[in-house]
Amino acid sequence: MNVPAKSSQRVPLQRRVEATKLDLLISHYKALDEQLRLEIEADREIDAIHVLDSQLQQVLTSLKHYRAPDRREAFKHLMFFLGSGQAADPMPVRAPDTDVMHHLLTDYLLKEQLAPLPVAEPDLKSIIDNSANRISLINLDHQYQFTSHSNAANYSATQDDIQGKHVAQIIGSQRFERRASRFFDKCFSGELVEYAHTLGDETSKPTFMKCRMQPHFDGDGAIAGAIVTMTDISEELLLGVQGINCVPLSDDGEELTLR
């Protein structure tokens, strides 16, 4: 009786792919970024560098428009734009993008579109608190509903000290009445507002802060307040970096001339 010989052909093992779309986008971004850096260091043809940079920007745009399906992916997405903070695996993004972070934080946190975060998962609120930007949620009565740790620390206060307070009590009645109040009015009417103002006095080097007020909507789609983000743009403004088109204002709301 002839026993058929066993086939030597191996049956391929089925591999479970754990990588998500976000993982693939980040991996692609890192690969292009590394290749671009090598091309620049090797002083390659400028056309090749432009092609790589164009591809890199396309992937970055895809990352900006990506929205995570759950909290774990949302945390990973936010950390890509904030930077992982781990030396062994640094994120390659060149600089934080305030506009992108605004949209991500609004979609992932303030609109509460995703399921509650399990205790073992990272807390997205801590991302806001650890951000260099000062972020607050102000209601229609100009009261703080939430403020980040960095903003509270700027006033030598705790978050609990500021929550529930009127904006004028924190920034001063003069600054509120002469400058901030009218911008809040525009924001509460549905307008996205951006302006810059100075901090400090004549005896010290001025600090220029960009203030962005974005309308905050409740569950019924009605305006419930403003998401306010303060960003230090001193270096960018004084160096004339493109994209910084906010005219700095004094406490009286008058335009300042940079010298």
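So, here's what we can say about the structure. (Residues numbered from 1 in each chain as written. Predicted model: local features only at pLDDT ≥ 70, side-chain atom pairs only at ≥ 80, totals over all residues. Heavy atoms only, no water.)

### Some words on the environment of Thr231
Looking at where Thr231 falls in the secondary structure, it is placed in strand 5 (residues 223-232). When the C-alpha positions of Thr231 and Ile135 are compared, they lie 9.0 Å apart, and in sequence the two are 96 residues distant. At 3.1 Å, the side chain of Thr231 forms a polar contact with the side chain of Asn133. (Helix = DSSP H or I, 4+ residues; strand = E, 2+ residues; numbered from the N terminus. Polar contact = N/O pair within 3.5 Å; in protein donor to acceptor, adjacent residues only side chain to side chain.)

### Topic: helix 2 (residues 46-65)
With 20 residues, helix 2 ought to run about 28 Å at 1.5 Å a step, and its terminal C-alpha atoms sit 29 Å apart, in line with that. On its buried side, helix 2 packs onto helix 1 (21-41) and helix 3 (71-82). (Expected span 1.5 Å × (residues − 1). Contact = heavy atoms within 4.5 Å.)

### Looking at the packing of helix 1 against helix 2
The interhelical angle for the contact between helix 1 and helix 2, taken along N-to-C directions, is 155°, at an axis separation of 9 Å. In terms of axis orientation, helix 1 runs roughly antiparallel to helix 2. Classified by chirality, the crossing of helix 2 by helix 1 is left-handed. Contacts from Leu22, Leu25, Ile26, His28, Tyr29, Leu32, Asp33, Gln35, Leu36, Glu39 and Ile40 in helix 1 reach Ile49, Leu52, Asp53, Gln55, Leu56, Val59, Leu60, Ser62 and Leu63 in helix 2. (Axes fitted to C-alpha atoms, helices over the stretch in contact; angles between N-to-C directions. Parallel < 35°, antiparallel > 145°, perpendicular 65-115°, else oblique. Left-handed = near helix turned anticlockwise from the far one by under 90°.)

### Description of the layout of surface pockets
The computed volume of the second largest pocket comes to approximately 270 Å³. Residue lining of the second largest pocket: 20 residues in total, with Arg134, Tyr144, Tyr155, Ile171 and Met230 positioned closest to the centre. Sorting the residues of the lining of the second largest pocket by element identifies strand 1 (134-139), helix 6 (149-154), helix 8 (167-171), helix 9 (173-188), strand 3 (193-199), strand 4 (207-217) and strand 5 as the ones contributing at least two each. It is helix 9 that contributes the most residues to the lining of the second largest pocket, 4 residues altogether. Residues that form the lining of the second largest pocket fall into these classes: 13 nonpolar, 4 polar and 3 charged. (1 Å grid on protein atoms, 1.4 Å probe; cavity = no way out; pocket = protein on both sides within 12 Å on 5 of 7 lines; lining within 4 Å. Points joined across faces, edges and corners; volume = space filled by probe spheres on them. Nonpolar A, V, L, I, M, F, W, Y, C, P; charged D, E, K, R; others polar.)

### A word on the pairing of strand 4
In terms of residue burial, strand 4 counts as a mostly covered element, since 9 of its 11 residues are buried. Judged from the 9 bridges that link them, strand 4 and strand 5 form a sheet pairing that is antiparallel. The partner of Met213 across the bridge, within strand 5, is Val228. Taken together, strand 4 and the strand that follows it, strand 5, pair antiparallel across an intervening segment of 5 residues, in which Gly221 is found at a positive phi of about 85°. (Buried < 20%, exposed > 50% of the residue type's maximum accessible area, 1.4 Å probe, protein only. Pairing = 2+ DSSP bridges.)

### Here we look at the pairing of strand 2 (residues 144-147)
Of the strand pairs in this sheet, strand 1 and strand 2 are connected by 3 bridges, and their pairing is antiparallel. In the sheet register, Leu137 faces strand 2, and the bridge partner there is Phe146. Hairpin connection, strand 1 to strand 2: the antiparallel pair is bridged by 4 residues, and His142 has positive phi, about 60°.

### Digging into the nonpolar core
Core analysis: the biggest nonpolar cluster contains 30 residues, and Tyr29, Leu63, Leu78, Phe80, Phe81 and Leu104 have the highest contact counts within it. Cys187, Tyr195, Met209 and Val228 belong to the second largest nonpolar core, which has 22 residues in total. (Core = buried A, V, L, I, M, F, W, Y, C linked by side-chain atoms within 4.5 Å.)

### A few points about the environment of Asp70
Inspection of the secondary structure assignment puts Asp70 in the loop between helix 2 and helix 3. Judged by relative accessible area, which is 35%, Asp70 ranks as partly exposed. Spatially, the C-alpha atom of Asp70 lies 9.1 Å from that of Tyr108, the residues being 38 residues apart in sequence. Polar contacts involving the side chain of Asp70 include one to the main-chain amide nitrogen of Arg72, which spans 3.2 Å.

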